[in-house]
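Given next are the chains, with one letter for each unit.
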Amino acid sequence: MDKYIDIISNLLSLNDEYEWLDFKENWFNKDEIGEYISAVANGACLCGKEYGYILWGVEDGSRNIVGTNINFDRDIDHEPYKHYLARKLIPSLAFEIIERKYDDKRVVLLQVPASKSVQTKFNDVAYFRIGSSKEKLNKFPEWELKLNTILQEGFPTIVNVAAPDYAQELSFEKLFMYYAAKGIALKPDSFERSLKLRNKNGQYNVMAYILSDQNSIPVRVSIFSGKDKTSPLFSVKEFGNTCIMYSMDKILEYGDAINIIQADERNRISERKDVPLFDYEAFHEAILNAFIHNKWLTLNSPQISIFTDRIEILSHGGLALDQDEKGFYSGASLPVNDVLASIFLQLRISERSGRGVPKIVGRYGKEAIQIEKNRIIVTIPFEKIEINSFVVSNKVSNKVSNKLNKTKEKIIELIRDNPNITINQFSIVLGLSEPGIKKNLKQLKELGYIQRIGSNKTGYWEVIL
């Protein structure tokens, strides 16, 4: 397989143009192309990419392949154009020009190595891309400073970036306990070095901060009473501000608790079928991936949102630096945080078989994963079983909405979804104490909205129509 055809396919599959990527149709300007090479080289460095790209033969906006007649061997000032470009680029840059047939049309790919050590300049001026435009780098001092820092110190990672100044006094008792629970003993005198918890200047790094006993990174599960974030926020569960392994485990436990088992009486012949609200294995993989591959550098945690029809799991930062969408969906795992991924692997929390994404896609399809420039969103839909005896007429629905508060309405909704729901599950979903749940259930029974069929231990709830 032609690797450049693969590169072109992957570039065309991306949702946006980037600081390191530009598409052109049939455009030519002898000096401005050199300026774009400078911009793409510096942009690739800023984004931690090995190469940047300019691809000719693509219609702007639509990404349709239209072909191009651009020629880098044409004569410019009595020399081949590619030599003209190379002579004016400082430092010398080993860019490559690749011509291919794609959809039976000629395309030209310019592969540009990322800047190293110093800024890439054309005619002694450094450029970079901001949005879809090319700009002189010196017009944006903050970006120039960021580029120079990366050129000197390397692309920022959770290992080489120091934790905030206020977070340089850290403890790791919970991390020791977590390792011990997995049968692995951390050595107090060497664990910081073996887990790479300090940067080259001896400061605690961002990874140390997110693994410490106490941090200021909240991990929240937001529960909405509708199908989008414009609906009222029903409750918020807090699981963060501590070692992320513990936060992640608490969210997985919470997901297990709300994954109610529904009795499927449809087309029943003999035994009924129990159907979970959602595929817990897919949920588990999505949470695991969100924590391992989240861009913790920003000190933002994954976000979990629960709606009436689905769970959304958002991780910050997008794909790994050298990951493409084709490899991502096929399970070719490239960790965003390599050292953190190794810790999860050592603890046997994860594996590097790359099965996580294929599991999700196999269960819910590619549309369950939305890849954007700076985030990835995984959607786990609910599979609700509608049973005729629990379908409420508009008349009864109006009666409930007019006379009951939101908590009681939610209790009735939960019973319709799962007649076998327990007091503990009510408590977890609603964020109320067990005595509070029992009080609301008693009032609903007295009002004639629900009844208990069978014993408290083996029976089930029923909404009275």
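See above for the structure.
Read on for a plain summary of the structure. Just so we're clear, the structure is a prediction, and the values are computed from it rather than from any experiment.

## Brief notes about the overall build of the chain
And step 1. Looking only at helices and strands, the chain has 16 helices and 20 strands in total.
And step 2. Along the first, second and third principal axes, the C-alpha atoms of the chain reach 95 × 60 × 40 Å.
And step 3. The burial tally for the chain puts 49% of its 465 residues in the buried class.
And step 4. Looking at the chain alone, contacts between residues at least 24 apart form 65% of all its contacts between residues at least 6 apart.
And step 5. Accessible surface for the chain amounts to roughly 23200 Å². Of this, 48% is attributable to carbon and sulfur atoms.
And step 6. Charge separation in the chain, taken as the distance between the mean sites of 61 positive and 61 negative side-chain charges, equals 6 Å.

## Observations concerning the sheet that holds strand S2 (residues 51–56)
And step 1. Pairing in this open sheet of 4 strands is mixed, and the strands run S1-S2-S7-S6 from one edge to the other. What marks the edges here is a single partner per strand, and that holds for strand S1 (21–24) and strand S6 (96–102). Along the sheet, successive strands turn relative to each other by an average axial angle of 20°, direction set aside.
And step 2. In this structure, S2 lies alongside strand S7 (residues 105–113), joined through 6 bridges in antiparallel fashion. Within S7, the position partnered with Trp56 by the bridge is Val108.

## Examining the sheet that holds strand S5 (residues 89–90)
And step 1. Pairing is antiparallel in the open sheet, where 4 strands are placed in the order S5-S8-S9-S10. The open sheet has two edge strands with one neighbour each: S5 and strand S10 (133–136).
And step 2. When strand S8 (residues 121–122) meets strand S9 (residues 125–130), the two strands line up antiparallel, connected through 2 bridges. Directly across from Phe122, in S9, lies its bridge partner Val125.
And step 3. Docked against the sheet, helix H2 (residues 30–46) engages S5, S8, S9 and S10, running at close to 70° with respect to S9.

## Topic: the nonpolar core
And step 1. Residues Leu211, Met245, Ile311, Ile369 and Phe426 are the most contacted members of the largest nonpolar core, which totals 87 residues.
And step 2. Broken down by element, this core gets its largest block of residues, 8 residues, from helix H9 (residues 280–293).
And step 3. When sequence neighbours within four positions are dropped, the list of residues in contact with Leu211 reads Phe172, Leu175, Leu197, Cys243, Ile244, Met245, Leu340 and Ile343.

## Some remarks on the pattern of salt bridges
And step 1. Here the structure, examined in full by the defined rule, presents 20 salt bridges.
And step 2. Linking Lys134 and Glu35 is a salt bridge whose minimum nitrogen-to-oxygen distance equals 2.9 Å. With Lys134 in strand S10 and Glu35 in helix H2, the pair connects residues that are 99 residues apart, well separated along the chain. Judged on exposure class, the residue Lys134 and its partner Glu35 are both buried.
And step 3. Notably, a salt bridge pairs Arg87 with Glu79, separated by 2.4 Å at the nearest N-O pair.
And step 4. Connected via shared salt-bridge partners are Asp22, Lys24 and Arg129.

## Section: the packing of H2 against helix H3 (residues 81–88)
And step 1. Orientation of H2 relative to H3, taken along the N-to-C sense of each, is 55°, at an axis distance of 10 Å. For the element pair H2 / H3, the angle class is oblique. The chirality of how H2 crosses H3 is right-handed. Between H2 and H3, the residues in contact are Lys30, Asp31, Ile33, Gly34 and Ile37 and Tyr81, Tyr84, Leu85 and Lys88, respectively.
And step 2. The class makeup of the residues in the contact of H2 with H3 is 5 nonpolar, 1 polar and 3 charged.

## Points about helix H16 (residues 434–447)
And step 1. Here H16 contains 14 residues, and its C-alpha end-to-end distance of 20 Å stays within 8% of the 20 Å for a straight helix at 1.5 Å per residue.
And step 2. Listed in full, the buried residues belonging to H16 are Ile437, Asn440, Leu441 and Leu444. Buried residues along H16 cover an arc of 100° about the axis, so they all sit on one side. Of the exposed residues in H16, those oriented more than 90 degrees away from the buried face are Pro435, Lys439, Lys442 and Glu446.
And step 3. At its buried positions, H16 is contacted by helix H14 (406–417), helix H15 (423–430), strand S19 (450–453) and strand S20 (460–463).
And step 4. Positive backbone phi, approximately 85°, marks Gly448, located one or two places after H16.

## Observations concerning the packing of aromatic side chains
And step 1. Overall, the coordinates contain 20 aromatic pairs when judged by the stated rule.
And step 2. With a centroid separation of 5.0 Å and an interplanar angle of 65°, the aromatic rings of Phe28 and Tyr81 are classed as edge-to-face. Of this pair, Phe28 sits in the loop between S1 and H2 while Tyr81 sits in helix H3, and the two are 53 residues apart along the sequence.
And step 3. We classify Phe28 as partly exposed; its relative accessible area is 27%.
And step 4. Members of the aromatic cluster, connected to one another through ring pairs, are Phe28, Trp56, Phe72, Tyr81 and Tyr84.
And step 5. Over the ring of Phe307 we find Arg310, and its NZ or CZ is 4.0 Å from the ring centre.
And step 6. The positively charged end of Lys410 is found above the aromatic ring belonging to Phe234, 5.7 Å away from the centroid.

About the thresholds
Residues numbered from 1 in each chain as written. Predicted model: local features only at pLDDT ≥ 70, side-chain atom pairs only at ≥ 80, totals over all residues. Heavy atoms only, no water. Helix = DSSP H or I, 4+ residues; strand = E, 2+ residues; numbered from the N terminus. Buried < 20%, exposed > 50% of the residue type's maximum accessible area, 1.4 Å probe, protein only. Contact = heavy atoms within 4.5 Å. Areas by Shrake-Rupley, 256 points an atom, 1.4 Å probe, with all protein chains shown as cover. Lys, Arg positive; Asp, Glu negative; His and termini not counted. Charge placed at Lys NZ, Arg CZ, Asp CG, Glu CD. Pairing = 2+ DSSP bridges. Axes fitted to C-alpha atoms, helices over the stretch in contact; angles between N-to-C directions. Core = buried A, V, L, I, M, F, W, Y, C linked by side-chain atoms within 4.5 Å. Salt bridge = Lys/Arg side-chain N within 4 Å of Asp/Glu carboxyl O. Parallel < 35°, antiparallel > 145°, perpendicular 65-115°, else oblique. Left-handed = near helix turned anticlockwise from the far one by under 90°. Nonpolar A, V, L, I, M, F, W, Y, C, P; charged D, E, K, R; others polar. Expected span 1.5 Å × (residues − 1). Arc of directions from axis to C-beta. Phe/Tyr/Trp six-rings, centres within 6.5 Å; stacked < 30°, edge-to-face > 60°. Lys NZ or Arg CZ within 6 Å of the ring centre and 35° of its normal.

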